[in-house]
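# Tertiary structure, described
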Amino acid sequence: MGLRTPEQFRNSLKDGRIVYYKGQRVEDVTTHPVLKIGVDSSAVDYELAETPEFRELAVVQTPEGEAFSRFFLPPRSPEDLLLRRKLAETGSRICFGFPPFAKEGGSDAVNALAILTAHCDASTGSRYAKRLEAFRRTLQREDPSISITMTDVKGDRSLRPSQQADPDLYLRKVRRVDGGMIVRGAKAHITTAPYTNEFCVLPTRAMTEADRDYAVAFAIPANTKGIRIIARSGPWEEGLVDYPVANRAAMVEGLVIFEDVFIPDERIFLEGEWQFAGPLAGMFANFHRVTAAAYKYPFAELLAGAAQLIAEANGIERVAHVRDKIAWLVMYAESILALSEAACHKAIPDSLTGLYYPDPVVGNAAKFFFADNYHQAVKAVQDIAGGIIVTVPSERDWNNAETRADLEKYMAGSQKVSAEERFKVIHLVKDLVASELGGFWEVTALHAEGSLAAERLATYAHADMKRYRKAARRAAGLAPAAEAASKSR
Ligand SMILES: Cc1cc2nc3c(=O)[nH]c(=O)nc-3n(C[C@H](O)[C@H](O)[C@H](O)COP(=O)(O)OP(=O)(O)OC[C@H]3O[C@@H](n4cnc5c(N)ncnc54)[C@H](O)[C@@H]3O)c2cc1C
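Being a predicted model, the structure only gives us computed values, none of them experimental. (Residues numbered from 1 in each chain as written. Predicted model: local features only at pLDDT ≥ 70, side-chain atom pairs only at ≥ 80, totals over all residues.)

## Some details on the sheet that holds strand 10 (residues 227-231)
- Spatial ordering of the open sheet is given by 2-1-10-11-7-6, a layout of six strands whose pairing is mixed. Unpaired on one side and paired on the other, strand 2 (24-25) and strand 6 (172-177) mark the two borders of the sheet.
- Both strand 6 and strand 7 (residues 180-191) contribute to a ladder of five bridges, which runs antiparallel. Considered in strand 7, the bridge of Arg 172 is made with Arg 184. (Pairing = 2+ DSSP bridges. Helix = DSSP H or I, 4+ residues; strand = E, 2+ residues; numbered from the N terminus.)

## Remarks on the pairing of strand 11 (residues 253-264)
- Pairing of strand 7 with strand 11, which is carried by nine bridges, proceeds in the antiparallel orientation. Bridge pairing links Gly 180 to Pro 264 in strand 11.
- Here five bridges tie strand 10 to strand 11, and the two strands are oriented antiparallel to one another. Across the sheet, the residue bridging to Arg 228 is Ile 257, located in strand 11.

## Some thoughts on the domain arrangement of the protein chain
- Taken domain by domain, the protein chain holds domain 1 (6-278) and domain 2 (288-467).
- Of note, the centres of domain 1 and domain 2, computed from C-alpha atoms alone, are 26 Å apart.
- Facing the 35 residues of domain 1 at the interface are 33 residues of domain 2.
- Classifying every residue of the side of domain 1 that touches domain 2 gives 19 nonpolar, eight polar and eight charged. (Domains from an automatic or database assignment. Contact = placed C-beta atoms within 7 Å. Nonpolar A, V, L, I, M, F, W, Y, C, P; charged D, E, K, R; others polar.)

## Some points on helix 5 (residues 104-124)
- Between its first and last C-alpha atoms helix 5 spans 30 Å; for 21 residues at 1.5 Å apiece the expected length is 30 Å, and the two agree.
- Burial runs high along helix 5: 17 of the 21 residues are buried.
- Gly 125 sits one or two positions beyond helix 5 and adopts a positive phi of about 85 degrees. (Expected span 1.5 Å × (residues − 1). Buried ≥ 20, exposed ≤ 12 C-beta atoms within 10 Å, placed from the backbone.)

## Looking at the packing of helix 5 against helix 7 (residues 277-314)
- Where helix 5 meets helix 7, the axes come as close as 8 Å, and the angle between the chain directions of the two elements is 140 degrees. Between helix 5 and helix 7, the angle falls in the class oblique. For the pair helix 5 and helix 7, the sense of crossing is right-handed. Touching Glu 104, Gly 105, Asp 108, Ala 109, Asn 111, Ala 112, Ile 115 and Leu 116 of helix 5 are Pro 279, Leu 280, Met 283, Phe 284, Phe 287, His 288 and Thr 291, all from helix 7.
- Among the residues forming the contact of helix 5 with helix 7, the class breakdown is nine nonpolar, four polar and two charged. (Axes fitted to C-alpha atoms, helices over the stretch in contact; angles between N-to-C directions. Parallel < 35°, antiparallel > 145°, perpendicular 65-115°, else oblique. Left-handed = near helix turned anticlockwise from the far one by under 90°.)

## Topic: the site of the ligand
- Around the ligand, the surrounding shell holds 21 residues, and the nearest of these are Met 150, Thr 151, Arg 157, Thr 191 and Ala 453.
- The set of elements that each furnish at least two residues to the shell around the ligand consists of strand 5 (146-149), strand 7 and helix 14 (436-447).
- Of the residues contributing to the shell around the ligand, the split by class is six nonpolar, eleven polar and four charged.
- A domain-level breakdown of the shell around the ligand finds at least three residues from each of domain 1 (6-278) and domain 2 (288-467). (Near = placed C-beta within 6 Å.)

Below is the structure:
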């Protein structure tokens, strides 16, 4: 089959899956008024492959004549990583800063698994790497959407999986059965959960021997018996002027419940090798934090552009402090780009597989930089825009004959911009930084792809501290460490 069309993707979601939204079972996610927005965004990953302008970026053509999604290509060079970064960026730009996420996160998980299964096999004699490669071939042939399904609900954060009052607060293997294993538990915040084809499940953290049953990784279709998905909610109202971004694109998360789900052997990539849970989670983060920065770049562009538009609409585009803030927003956006590209340029080849992964220090810096500065960026846009972004009347008032003339008169700003245009720009800024979506993005910047603390920990763990120490010792006029050690003997 190779590449699916957007319609084939949509049709594949009518598969009997169990999805709830705001207390109601959803029969068809592709026609649900809210979930449909997410489905259509995910479909962009499929549309890119059909668009002549993006075909070369989105599709890998093999010398044997096969064609498959670039997301499913094993990265064998920094160039491969740069191209998949660019593809993630491109999808996000089309979706106003939302990653389509049909394949982005799931393929990050597959790449991490490709490396870690090889290491696990070499060290324990397991045979996961071949299974993983067979699974990757299936992805290349059948082109499903696949989500990263990692974050456990976690219960008491101070306790390890095996110490929790309820053993199901981290997803676990309940027992082995003929031809596979039975798992139970739940994964939280899973992007595209209501409308993905496959869940790629990874452990969320490092484990100890006592947590052995929690050290599991596998891939499983979303309509498998025992899986229930409760989609995140959010107040939702119609209106393309009131909510120009939120009503055009979305990623919808879900709580995914696994109630005694059978996972066949050929889909299991870790089953009890607890020593590999932490490295697997870490390797996934190496890939995924660069993907995060790739999709965030177009959103940062959007913030800079929205700040410029509202400044022009209000007639303050030449004011010094406004220009300073917009210049800072441009630096913010372009630094996200530079860091995420640098992480790919400095990619590291894995010693066993030869697969390349982004430089962990620079990749974590990319995610940390955009997350740590996100609220600062929002503050700049809010400051420039004025209070109108939370008090503006709705498009229904604009469309109401009784109030239209009032709004045309009193929504006027700069003489260079019509009242209608200003009204639309105000709503854009509101949607981006002063709405349900605005709050969603603030929290998402901090937590999705790992918390700030997680990025600091990973950076410290991977930092070449020897090099930094050496530089400081030299500057302090201290002897090189090796020399100092031999003198003290
Ligand atoms: C919009 C969105 C989309 C997401 N999409 C996905 C997805 O597709 N797939 C997926 O697997 N996950 C996804 N996530 C989950 C994301 O990776 C987590 O939110 C993130 O890892 C933080 O976990 P948490 O939300 O459970 O917060 P918590 O772990 O509760 O963290 C809250 C705070 O507590 C601190 N903390 C927690 N535990 C400890 C501890 N033991 N010691 C010290 N400090 C601690 C953290 O550092 C943080 O500061 C998504 C999240 C969001 C918001």
